[in-house]
Amino acid sequence: MESNLLPESILTGDIQLDEEGQDNILRPRSLNEFQGQSDLKENLDIFIRAAKARQEALDHLFISGPPGLGKTTLAGIVASELGVNFVLTSAPALEKPKDLAGLLTSLSEHSLFFIDEIHRLKPTIEEMLYIAMEDFEMDIIVGQGIGARNVRIPLPRFTLVGATTKPGSVSAPLHTRFGITIRINPYTQQELQAIIRRSAKLLHITISTEASLLLAQCARGTPRVANRLLKRVRDFAQVHQKTEVDYAITTIALQKLQVDHLGLEEQDRFILKTIINSYHGGPVGLQTLAIAVGESAESLEDFYEPYLVQQGLLMRTRQGRTATHLAYQHMGITLPKTHDSRSLFE
């Protein structure tokens, strides 16, 4: 067993690894290293091998799924498996058509062009992409006024990869132009445990089976959360001079971080408490709840609520948000006898 959780060269300052550097180390580099999502990987492997055999660019790829599940990582893996250049940007960064034009004209043959948050593309940018995706050409306006003319510029055959957490917000004309559509789903505890063990090995951390299972249970089905918790527990273990991240130090660390066995953090529990104590379990409107908990309605709806709904702790109804009987149980609050039980189950 190692005497330290980190190599001596890192502990003594000979090697500097910041959080971003550690995140890059933990990113899988191939489909074999990418944990879970077996059906997705199997299909992607076939598409990649077929495109390489034909010496063609892979068809345009649409990836959807909740935040932190590895959409950007998977796009990078596809580029690596294809052996092509990987060009990355995000929809908010593309403010004007010239921004997109500059990127498209710089692509090499068969490059993989990744656009994150593609649901946030501006209409003018999106329309410009239509021709680029279908005909591998781009229209630009040369000159001004009555002397202006349209010039069509050929582009190399490339693969557009669009990633989004909100597939329903992507327009139908854009969505139908993608030949391959995949969705990354939340990971199982077994898959997360395998991810934690792999990350621990890369970070030179010795971790027990019980500790890795506990972290997997608290990771909200998300590799990003699992790796974040692993690094924070590593900090507690190192300061407490532990040679191994075991169940005891993991429990202490999670208590200090205020993360419970379902992966709920302080703000998650505060939202449930507010609905139960201040609004008698609901229903309460989104805007009212957002003001009560000090969050914007958008962050409440997009960041906090999805996991609470998935865990059966919260329901979205036409009348507003309602805490379920499981929420009462989880918070250790007795369900009022006068409460309309139908609202907790329907």
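Keep in mind it's a predicted model, so treat the numbers as computed, not measured.

Turning our attention to the overall build of the chain. Assigned secondary structure in the chain consists of 16 helices and nine strands. The 346 residues of the chain split such that 43% are buried. When the accessible surface of the chain is totalled, it reaches about 18,100 Å², and 49% of it is carbon and sulfur.

The next thing to look at is the pattern of salt bridges. Side chains carrying opposite charge are able to pair once their charged atoms draw close together. Going through the model one piece at a time under the given rule, you end up with 14 salt bridges. A salt bridge links Arg232 to Asp235; its shortest N-O distance comes to 2.8 Å. In this pair, Arg232 and Asp235 both sit in helix H10 (residues 223-239), three residues apart, roughly one turn of the helix. The exposure class of Arg232 is partly exposed, given its relative accessible area of 23%. For Glu305, the salt bridge is made with Arg321, and the minimal N-O distance between the two is 2.8 Å.

Bringing unusual backbone geometry into the picture now. Comment: phi is negative for the bulk of residues other than glycine, and the bulk of peptide bonds are trans. A cis geometry characterises the amide bond from Gly282 onward to Pro283, with omega recorded as 5°. Looking at the element boundaries, Pro283 is found in the loop between helix H12 (266-278) and helix H13 (286-293). Even without being glycine, Gln55 reaches a positive phi, approximately 55°. With respect to the helices and strands, the residue Gln55 is situated in the loop between helix H3 (38-54) and strand S1 (61-64). Among the residues examined, Gln55 registers a relative accessible area of 67% and is labelled exposed. Its identity is not glycine, yet Gln258 carries a phi of approximately 60°, on the positive side.

Our focus in this paragraph is the UniProt feature "binding site: Mg(2+)" (unreviewed entry) in the chain. The feature "binding site: Mg(2+)" (unreviewed entry), as annotated in UniProt, sits at Thr72 in this numbering. Relative to the helices and strands, Thr72 is located in helix H4 (residues 71-82). Taking relative accessible area as the criterion, Thr72 reaches 26% and is therefore assigned partly exposed. Other than its neighbours up to four places away in sequence, Thr72 contacts Arg27, Phe86, Leu88, Phe114 and Asp116.

This part takes up the pairing of strand S7 (residues 180-183). Consecutive side chains of a regular strand alternate in pointing toward one face of the sheet and then the other. Residues Ile180 and Ile182 point to one face of S7 and are all buried, whereas Thr181 and Arg183, pointing to the other face, are not buried. Pairing analysis gives four bridges linking S1 to S7, with the strands arranged parallel. When the bridges of S7 are listed, Ser64 appears paired with Arg183.

So, on to the side chain of Ser199. Along the polypeptide, Ser199 turns up in helix H8 (residues 189-202). Among the polar contacts listed, one links the side chain of Ser199 to the side chain of Asn227, at a separation of 2.6 Å. In this structure, Ser199 is in contact with Leu26, Asn227 and Leu230, ignoring residues within four places of it in sequence.

It is worth spelling out the packing of H10 against helix H11 (residues 247-256) at this point. At a closest axis distance of 9 Å, the pairing of H10 and H11 adopts a crossing angle of 110°. When the axes of H10 and H11 are compared, the pair comes out roughly perpendicular. The way H10 lies across H11 gives a crossing that is right-handed. Each of Leu229, Val233, Phe236 and Ala237 in H10 lies in contact with H11, whose residues at this interface are Ile249, Thr250, Ala253, Leu254 and Lys256.

Okay, the sheet that holds S7 next. As summarised here, the arrangement of the five strands in space is S2-S3-S6-S1-S7, forming an open sheet in which the pairing is parallel. In the strand order of this sheet, the two ends are held by strand S2 (86-90) and S7, each with one partner. Ignoring which end each strand starts from, the neighbouring axes of this sheet average 15° apart.

Positionally, Thr89 belongs in strand S2. Separated by 26 residues in sequence, Thr89 and Ile115 have C-alpha atoms that sit 5.1 Å apart.

Each value, and the rule that gives it
Residues numbered from 1 in each chain as written. Predicted model: local features only at pLDDT ≥ 70, side-chain atom pairs only at ≥ 80, totals over all residues. Heavy atoms only, no water. Helix = DSSP H or I, 4+ residues; strand = E, 2+ residues; numbered from the N terminus. Buried < 20%, exposed > 50% of the residue type's maximum accessible area, 1.4 Å probe, protein only. Areas by Shrake-Rupley, 256 points an atom, 1.4 Å probe, with all protein chains shown as cover. Salt bridge = Lys/Arg side-chain N within 4 Å of Asp/Glu carboxyl O. UniProt positions renumbered as here; feature names shortened; annotations may be inferred. Contact = heavy atoms within 4.5 Å. Pairing = 2+ DSSP bridges. Polar contact = N/O pair within 3.5 Å; in protein donor to acceptor, adjacent residues only side chain to side chain. Axes fitted to C-alpha atoms, helices over the stretch in contact; angles between N-to-C directions. Parallel < 35°, antiparallel > 145°, perpendicular 65-115°, else oblique. Left-handed = near helix turned anticlockwise from the far one by under 90°.

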